[in-house]
Amino acid sequence: MKIVACYNVKGGIGKTATTVNLAYLAAYEGARTLVWDLDPQGAASFYFRIKPKVKKGGKGLLSGKKALDDVIKGTDYKYLDLIPSDFSYRNLDLALDDFKKSATRLRKILKPLNKEYDYIFLDCPPSISLVSENTLIAADAIIAPTIPTTLSLRTLDQILDFCKKMGIAHDKILTFFSMVDSRKKLHKQIIENPPQNVRVLKSCIPYASDIELMGVHRQPVCVFAKNSRAGKAYQALWDEFKRSY
Amino acid sequence: MFPDQACWLDNEKMETVSAKNMESTNNDSVEFVLKQKADMDAVYELLCREYSLHETFHVQLKRYYLDSFDWRMYQQDIVCGWDVPNNKHHLKVNNNQDIKSQEGVFFIQNKDTGSSLYEFPFDHMPRFSKDISHQTCRQMLDDILGIRAFMPVVIMTVQRKQLLVLNKEHKTLAILQAERYTISGHTVEKCLHDRLIVFPIRGYKKVFKQVLQYITEHLKLPPAGNTLLDEALAAIDQTPDSNAFALTQRLPDSLTTWEATQILLRHLLNVMQANESGLRHAIDTEFLHDYRVAVRRTRSILGQIKHIFPGKLLDYFKREFYWLGTITTPTRDLDMYLLKFDGYMHELPPHLQNDLVPFRLFLERHWKVEHARLCQALDSRRYHKLISQWQQMFASKDMQSQSDTVLLQQTSPQETFNATKPAKQVVSERIRKLYKRVLKEGWMITPESHDETLHELRKTCKKFRYLIEFFHDYYPDKQISRLVKKLKLLQDNLGDFQDLCVQVDQLNCFAEQMRQEGLADTRTIMAMGVLVQKLTARKAAVRAEFGQRFKEFIQTDKKAAFSHTFSLKRTDT
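Residues numbered from 1 in each chain as written. Chains lettered and ligands numbered in written order. Predicted model: local features only at pLDDT ≥ 70, side-chain atom pairs only at ≥ 80, totals over all residues. Heavy atoms only, no water.

## Some points on the overall build of chain A
(1) Moving on: Secondary structure assignment for chain A yields 13 helices and eight strands.
(2) Moving on: Over its C-alpha atoms chain A spans a radius of gyration of 17 Å, differing by no more than 12% from the 18 Å that the globule rule assigns to 245 residues.
(3) Moving on: Reported as C-alpha extents along the three principal axes, the dimensions of chain A are approximately 50 × 40 × 30 Å.
(4) Moving on: Burial status across chain A gives 58% buried among its 245 residues. (Helix = DSSP H or I, 4+ residues; strand = E, 2+ residues; numbered from the N terminus. Rg over C-alpha atoms; globule rule 2.2 N^0.38 Å. Buried < 20%, exposed > 50% of the residue type's maximum accessible area, 1.4 Å probe, protein only.)

## As for helix α6 (residues 228–235) of chain B
All names here are of chain B.
(1) Moving on: α6 sits mainly inside the fold: six of its eight residues count as buried.
(2) Moving on: Listed as buried for α6 are Leu228, Leu229, Asp230, Glu231, Ala232 and Leu233.
(3) Moving on: For α6, the elements touching its buried residues are β2 (52–67), α3 (72–75), β3 (78–85), β7 (151–166), β8 (172–183) and β10 (194–200).
(4) Moving on: Aspartate 237 sits one or two positions beyond α6 and adopts a positive phi of about 55 degrees. (Contact = heavy atoms within 4.5 Å.)

## What about the packing of helix α7 (residues 257–280) of chain B against helix α12 (residues 381–393) of chain B?
Residue and element names in this part refer to chain B.
(1) Moving on: One can describe the packing of α7 onto α12 by two numbers: an axis separation of 10 Å at closest approach and a directional angle of 145 degrees. Where α7 crosses over α12, the handedness of that crossing is left-handed. Across from Trp258, Gln262, Leu265, Leu269, Met272, Gln273 and Glu276 in α7, the residues of α12 making contact are Tyr383, Ile387, Trp390, Gln391 and Met393.
(2) Moving on: For the contact of α7 with α12, the per-class residue count stands at eight nonpolar, three polar and one charged. (Axes fitted to C-alpha atoms, helices over the stretch in contact; angles between N-to-C directions. Left-handed = near helix turned anticlockwise from the far one by under 90°. Nonpolar A, V, L, I, M, F, W, Y, C, P; charged D, E, K, R; others polar.)

## Examining the domain arrangement of chain B
Accessible area lost when the parts come together is the quantity often used to give the size of an interface.
Residue and element names in this part refer to chain B.
(1) Moving on: Here the domain parsing of chain B yields domain 1 (5–235), domain 2 (245–415) and domain 3 (422–573).
(2) Moving on: Of the residues lining the interface, 35 residues belong to domain 2; the matching set on domain 3 comes to 35 residues.
(3) Moving on: Of the roughly 3,300 Å² buried between domain 2 and domain 3, counting both surfaces, carbon and sulfur atoms make up 63%.
(4) Moving on: Of all residues in domain 2, Gln304, Glu347 and Phe362 bury the most surface against domain 3, accounting for 19% of the area lost on that side.
(5) Moving on: There are four salt bridges connecting domain 2 and domain 3.
(6) Moving on: A salt bridge links arginine 523 to aspartate 355; the shortest N-O distance between them is 3.2 Å. (Domains from an automatic or database assignment. Buried area = accessible area lost by both parts, 1.4 Å probe. Salt bridge = Lys/Arg side-chain N within 4 Å of Asp/Glu carboxyl O.)

## Examining the interface of chain B and chain A
(1) Moving on: Facing the 21 residues of chain B at the interface are 27 residues of chain A.
(2) Moving on: Around 2,000 Å² of area is buried between chain B and chain A when both sides are counted, 37% of it from carbon and sulfur atoms.
(3) Moving on: Between the two partners, chain B and chain A, sit seven salt bridges.
(4) Moving on: If you tally residues by element for the side of chain B that touches chain A, the top one is strand β6 (residues 116–121) of chain B, at six residues.
(5) Moving on: Grouping the constituent residues of the side of chain B that touches chain A by class yields six nonpolar, eight polar and seven charged.

## Considering the sheet that holds strand β4 (residues 80–83) of chain A
All names here are of chain A.
(1) Moving on: Reading across from one edge, β3-β4-β2-β5-β1-β6-β7-β8 is the order of the eight strands in this open sheet, with mixed pairing throughout. Of all strands in the sheet, those bounded by a partner on one side alone are β3 (73–74) and β8 (199–200).
(2) Moving on: Bridge analysis of β3 against β4 gives two bridges, and the strand direction is antiparallel. Note that in β4 the partner of lysine 73 across the bridge is leucine 82. (Pairing = 2+ DSSP bridges.)

## What to know about the nonpolar core
(1) Moving on: Grouped together as the largest cluster of nonpolar side chains are 101 residues, with contacts concentrated most on B:Leu324, B:Phe359 and B:Phe471.
(2) Moving on: Considering every element that reaches this core, the biggest residue donor is helix α15 (residues 477–516) of chain B, with 14 residues.
(3) Moving on: Beyond its immediate chain neighbours, meaning those up to four positions away, B:Phe471 contacts B:Leu251, B:Ala260, B:Leu264, B:Ile305 and B:Val427.
(4) Moving on: Of all hydrophobic cores here, the second largest spans 71 residues; its members include A:Val221, B:Leu34, B:Leu53 and B:Ile201. (Core = buried A, V, L, I, M, F, W, Y, C linked by side-chain atoms within 4.5 Å.)

## As for the side chain of B:Thr157
(1) Moving on: By the secondary structure assignment, B:Thr157 is in strand β7.
(2) Moving on: Not counting residues up to four positions away in its chain, the partners in contact with B:Thr157 are B:Gln60, B:Leu61, B:Asn86, B:Arg180, B:Tyr181, B:Thr182 and B:Ser184.

## A closer look at unusual backbone geometry
(1) Moving on: Positive phi, close to 50 degrees, is recorded for A:Met179, a residue that is not glycine.
(2) Moving on: For A:Met179, the location among the structural elements is in the loop between β7 (173–177) and α9 (185–192).
(3) Moving on: With phi around 50 degrees, B:Ala282 is a residue other than glycine that occupies positive phi space.
(4) Moving on: A residue is classified by how much of its surface remains accessible, and B:Ala282, at 23% relative accessible area, is partly exposed.

## A closer look at the side chain of A:Thr33
Residues and elements named next belong to chain A.
(1) Moving on: Position of threonine 33 relative to the elements: it lies in strand β2 (residues 33–37).
(2) Moving on: Its relative accessible area of 0% is what places threonine 33 among the buried residues.
(3) Moving on: Within the structure, the side chain of threonine 33 is placed 2.8 Å from the backbone oxygen of alanine 31, a separation counted as a polar contact. (Polar contact = N/O pair within 3.5 Å; in protein donor to acceptor, adjacent residues only side chain to side chain.)

## A closer look at the pairing of β8(B)
All names here are of chain B.
(1) Moving on: Among the 12 residues that make up β8, 12 are buried, leaving the element largely enclosed by the rest of the structure.
(2) Moving on: Bridge count between β7 and β8: 11 bridges; the pairing is antiparallel. Across the sheet, methionine 156 pairs through a bridge with isoleucine 183, a residue of β8.
(3) Moving on: Counting the residues in the hairpin turn of β7 and β8 gives five residues, including histidine 170, whose phi is positive at 65 degrees.
(4) Moving on: Pairing geometry for β8 and β10, over six bridges, is antiparallel. Within β10, the residue paired with isoleucine 175 across the bridge is phenylalanine 199.
(5) Moving on: Sheet topology places β8 next to strand β9 (residues 190–191); two bridges connect them, and they run antiparallel. From the neighbouring strand, isoleucine 183 faces β9, where its bridge partner is lysine 190.

## A few points about the packing of aromatic side chains
(1) Moving on: Scanning the entire structure with this criterion turns up 34 aromatic pairs over all chains.
(2) Moving on: Consider the rings of B:Trp258 and B:Phe309, whose centres lie 5.5 Å apart with planes at 90 degrees: the pair is edge-to-face. Of this pair, B:Trp258 sits in helix α7 while B:Phe309 sits in the loop between α8 (285–304) and α9 (311–347), and the two are 51 residues apart along the sequence. One exposure class covers both B:Trp258 and B:Phe309, and it is buried.
(3) Moving on: Judged by centre distance (6.3 Å) and plane angle (25 degrees), the rings of B:Phe309 and B:Trp390 are stacked. Of this pair, B:Phe309 sits in the loop between α8 and α9 while B:Trp390 sits in helix α12, and the two are 81 residues apart along the sequence. Take B:Phe309 and B:Trp390: they sit in the same class, and that class is buried.
(4) Moving on: Three or more aromatic residues joined by ring pairs form one cluster here, namely B:Trp258, B:Phe309, B:Tyr316, B:Phe317, B:Phe321 and B:Trp390.
(5) Moving on: The side chain of A:Lys78 reaches across the aromatic face of A:Tyr79, ending 5.8 Å from its centre.
(6) Moving on: Sitting above the plane of the B:Phe128 ring, B:Lys130 keeps its charged end 5.3 Å from the centroid. (Phe/Tyr/Trp six-rings, centres within 6.5 Å; stacked < 30°, edge-to-face > 60°. Lys NZ or Arg CZ within 6 Å of the ring centre and 35° of its normal.)

## Examining helix α11 (residues 357–379) of chain B
(1) Moving on: With 23 residues, α11(B) should cover 33 Å at 1.5 Å per step; its first-to-last C-alpha distance of 33 Å lies within 8% of that length.
(2) Moving on: Looking only at α11(B), the buried set comprises B:Phe359, B:Phe362, B:Leu363, B:His366, B:Trp367, B:Glu370, B:His371, B:Leu374, B:Cys375, B:Ala377 and B:Leu378. (Expected span 1.5 Å × (residues − 1).)

## What about the environment of B:Asp143?
(1) Moving on: In this structure, B:Asp143 sits in helix α4 (residues 135–145).
(2) Moving on: Exposure remark for B:Asp143: the relative accessible area of 68% places this residue in the exposed category.

## Some remarks on the packing of α9(B) against α15(B)
All names here are of chain B.
(1) Moving on: α15 packs onto α9 with a crossing angle of 90 degrees between their chain directions and a minimal axis gap of 13 Å. When the axis of α9 is compared with that of α15, the two are roughly perpendicular. Contact residues: Leu334, Tyr337, Lys340 and Tyr344 in α9; Asp499, Val502, Gln503, Gln506 and Phe510 in α15.
(2) Moving on: A per-class count over the contact of α9 with α15 returns five nonpolar, two polar and two charged. (Parallel < 35°, antiparallel > 145°, perpendicular 65-115°, else oblique.)

Next up, the structure:
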């Protein structure tokens, strides 16, 4: 089982779209896949048409595998399950803090799912918090989508610093450029000269209306527009990601 | 497509889903049988009163159920297959639903529960486990199939209509699939009962139970008692029997040597014939291997059970089966080198591995030539004559009555004096002789002995083991299995050593041949040289182990136990 965290401090940069599409592609290829929508906004749950509600709230989930088992919902896609979001996740930091070894709690409760799933994707909320720390420690791979702009690159540096401070292996962090607008000169320049202090995947996700339409279709792009630019880009990203790990 | 709504309400032959069945549905699908033609629209209408339903697709598939020649998947309670759209313009897909079948789908299911173990898009029918790139699935198949190939065991057309049970958010809560099956590939197309399959969605157990209850109580459909594969196999009179080519007939003590031998030889002929088609079509290397083993065993019986065949007849069959063994050897040798090729690559340091690639091309090229030669030999008059003469041998119970065989007409009774003796007596005597020979040859081997002496011992051990295995019915199981276990360990050592001897010699010959044929540059020849060095070192190590293995064989076997097992104290006259 591989745990993949899709994380960035910034919001609105395509974390959820990345999680949903990569998880869908993994399941499509026959890998048993689970998405945990950790963001109280519940966008991933919305895309999968699943009510953002879990029994006993976030705190209840942290008690162990049984609690997780009870809330896992099958999506419309074979081998793809979801732990839905819940509004109580906004207080997940506090709930985690109540446990001993609070930074590794998530890793501990996910471990028993090892036999059931090949991939677990964590759709992380945009913040630096105990939840982020937990997801980054639990993950075997951390994908940080980055918009090719100066501020986003600055944020990426902050993430790398944060990971370094927590002692997270640098080689499990990778990034790719998201919401790329090929008409913009700055985007082009940054893509041509990517940061050297982190592994950057070559595949880029374009700024495309098909990705926004995910909210209308409530499906991964790769379902309703498999052969679109965005659909192909996610496929390429997934293929490259698998080769990298 | 699924006509006659009335049939859904026909409850004459109805069974109900047992409570156990309903409870065991945790994450597994439940299949119902439509005993008569029924209309999917009727299901649609009935369920529509309770749920929001949505038809996603209507598709015609060709399904290939896959298994090895010896039913390895089936024996492990696993159903494996490949679905591919039969005719793409029949495909009707609504609302961009998730459908993988456009490119073909490979699937593995648990035979008992029907639960899906693996399912992923696959654009061609896999032949071997190595064709599968899905890592865990590949591991599972490697363990079960080994080097055996997949073969289609049933081919059917599946007409599938899928309905989703949705909630207000249009989220799928359960899936209904109505399927109609026609078995193709036979002179007459065979239809099986239609099925309605209900798939649960995790986390929506309540809906699943409601749908099941609705189907059983209102539609009164009986649950499928058998898997679809089993039903299909029964329809085409196919029995998945992995032991089809194992000798199941017991050899009673009362049999004469001729009668017992006849049973064994007939069985070996069946094995040869069963494997002939597979080796001709090169489905996998095991067909030729099993064919050769049957030939070798036949030769062993001809050589070891003496004085049951008239001399001239024996000479003829010995010569012809020797020929049969010989003509199959080059292809088998090349099979072995190709099977070992990945191992050869790993023997070499990484920078030399690619230099070996021309060797694989050389092997493949020669394999094609040798295989064609083999097929030619199997088409020859000589082969057909041998098989037909051999079959005639078993046409009647009494060998002496085979008067239509010219060679038999000149038989004198002195030549076949063992034929009418009790088999146990003749065989035990022979086993004792072979055992003594194994001991004698084994003791004579010293670290300085020529490699050939080990090869001779290997051949004797093989003959010895064949006889024990053929006639194991005559001896106590426990002793036999203990003896065979130790003998096997000794044989493994001797077999490995012989293999390495042959490989070292043959690789040197191949390198020279490749150079002459202009297929190898200096780098390839060097890589092969390094390989030969590695194999030579391993050969020395295997040879060094021989003494210990032989000692273990002698010690554990113990003469007394052996004498007891094979009644060394003669009771015969």
